[in-house]
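Residues per chain are reported as follows:
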Amino acid sequence: MLLGAPGSGKGTQAEMITRHFAIAVTSPGTILRRERDLGTPLGIKADEISKQGGLVPDEIIVYLIEDWLVLHGKDGFVFDGFPRTVKQGERLNEILQKRQTALDLAIWLEVSERTVRDRIAGRLQCRRCGFTTSLTSAGFAERPICPYCDGPLVRRHDDDASVLETRLAEFKTKTEPLLSFYEKDDALHRIDGNRDRETVFADVSALIEERMR
Ligand code: AMP
């Protein structure tokens, strides 16, 4: 699982893990954006919360994860942005126990507030496939088209500066306590997420390879 603040690079690293190791990834944020784009009641309700920077209720998130695991959870899988509360961590333990499996790796991407603010201010995301990049890379500011699927690269509604303050506050009060929740578990590894995506991925992939051996 990949844990960390908004803008810590969870989504980017998750995408690199899927491409490199062919491991299935699930991200509640991506599922919820898809539900919103489809206009489902769940997507609309969750979007109201996300737009204001809040966390979606634990029961909804756990339901989405369990549902996803039924279809995709046969082999290995990576959670991007789950769990985000201690309650979700506890529910995940129950789910893993039921599946008679254990957590291999919990990667905490540590980033400074400066990194978070800079990244979120310049973040662009493909509306179609979720590819994430920045306004400063590869001329995307002039031609905001996804290099993978030709979808439009747009700013996320919740990347707005005032919403970010609420997201950071939610992170501090609800997600950071997961650090001590997993501290006693030797699955937990902290990685400096302030560096560029390739450097971070070198550390992430070394950990995954070690676990695969
Ligand atoms: P993300 O794409 O991971 O940044 O998630 C976007 C938004 O979806 C978050 O700001 C939350 O509102 C919601 N969300 C995603 N994952 C979770 C989670 N594990 N628990 C609660 N809300 C979540």
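Refer to the structure printed above.
Residues numbered from 1 in each chain as written. Predicted model: local features only at pLDDT ≥ 70, side-chain atom pairs only at ≥ 80, totals over all residues. Heavy atoms only, no water.

Our focus in this paragraph is the side chain of Asp-159. Among the structural elements, Asp-159 can be located in the loop between strand 7 (153-154) and helix 7 (161-175). Asp-159 sits in the buried class, given a relative accessible area of 2%. For Asp-159, the side chain forms a polar contact with the side chain of Arg-167, separated by 2.9 Å. Not counting residues up to four positions away in its chain, the partners in contact with Asp-159 are Ile-120, Arg-123 and Arg-167. (Helix = DSSP H or I, 4+ residues; strand = E, 2+ residues; numbered from the N terminus. Buried < 20%, exposed > 50% of the residue type's maximum accessible area, 1.4 Å probe, protein only. Polar contact = N/O pair within 3.5 Å; in protein donor to acceptor, adjacent residues only side chain to side chain. Contact = heavy atoms within 4.5 Å.)

With that settled, the discussion passes to the site of the ligand. Around the ligand sit 15 residues, and of these Ser-50, Gly-54, Gly-81, Arg-84 and Gln-88 come closest. The side chain of Arg-84 places a nitrogen or oxygen atom 2.8 Å from a nitrogen atom of the ligand. If the ligand stood free it would expose 480 Å²; the protein chains cover 95% of that surface. Residue contributions to the shell around the ligand peak at 4 residues, all from helix 2 (residues 28-38). For the shell around the ligand, a count of residues per class yields 5 nonpolar, 5 polar and 5 charged. (Near = heavy atom within 4 Å. Areas by Shrake-Rupley, 256 points an atom, 1.4 Å probe, with all protein chains shown as cover. Nonpolar A, V, L, I, M, F, W, Y, C, P; charged D, E, K, R; others polar.)

Before going further, it helps to examine the pattern of salt bridges. On inspection of all chains with the given rule, the structure shows 19 salt bridges. Here Arg-19 makes a salt bridge to Glu-15, at a shortest N to O gap of 3.4 Å. Taken together, the residues span about one helical turn, with Arg-19 and Glu-15 both in helix 1 (residues 10-21) at a distance of 4 residues. Here Asp-37 makes a salt bridge to Arg-36, at a shortest N to O gap of 3.1 Å. (Salt bridge = Lys/Arg side-chain N within 4 Å of Asp/Glu carboxyl O.)

With that settled, consider the nonpolar core. Grouped together as the largest cluster of nonpolar side chains are 31 residues, with contacts concentrated most on Met-1, Leu-3, Phe-79, Phe-82, Leu-92, Trp-108 and Tyr-182. Looking at this core, the elements that each hand over two or more residues are helix 2, helix 4 (58-72), helix 5 (86-98), strand 4 (106-110), helix 6 (113-121), helix 7 and helix 8 (178-183). Here the element with the most residues in this core is helix 4; it accounts for 7 residues. Core analysis: the next-biggest nonpolar cluster, separate from the first, contains 16 residues, Ala-14, Val-78, Ile-107 and Leu-109 among them. (Core = buried A, V, L, I, M, F, W, Y, C linked by side-chain atoms within 4.5 Å.)

Another aspect to go through is helix 9 (residues 197-212). Between its first and last C-alpha, helix 9 extends 22 Å over 16 residues, near the 22 Å set by a 1.5 Å rise per residue. Here helix 9 has its buried residues at Val-200, Phe-201, Val-204, Ser-205, Leu-207 and Ile-208. Viewed end-on, helix 9 has its buried residues packed into an arc of 155°, placing them on one side of the element. Where helix 9 is buried, its residues meet helix 1, strand 4 and strand 8 (188-192). In this structure Asp-196 caps helix 9, since a side-chain oxygen of it lies 3.1 Å from the backbone nitrogen of Glu-198. (Expected span 1.5 Å × (residues − 1). Arc of directions from axis to C-beta.)

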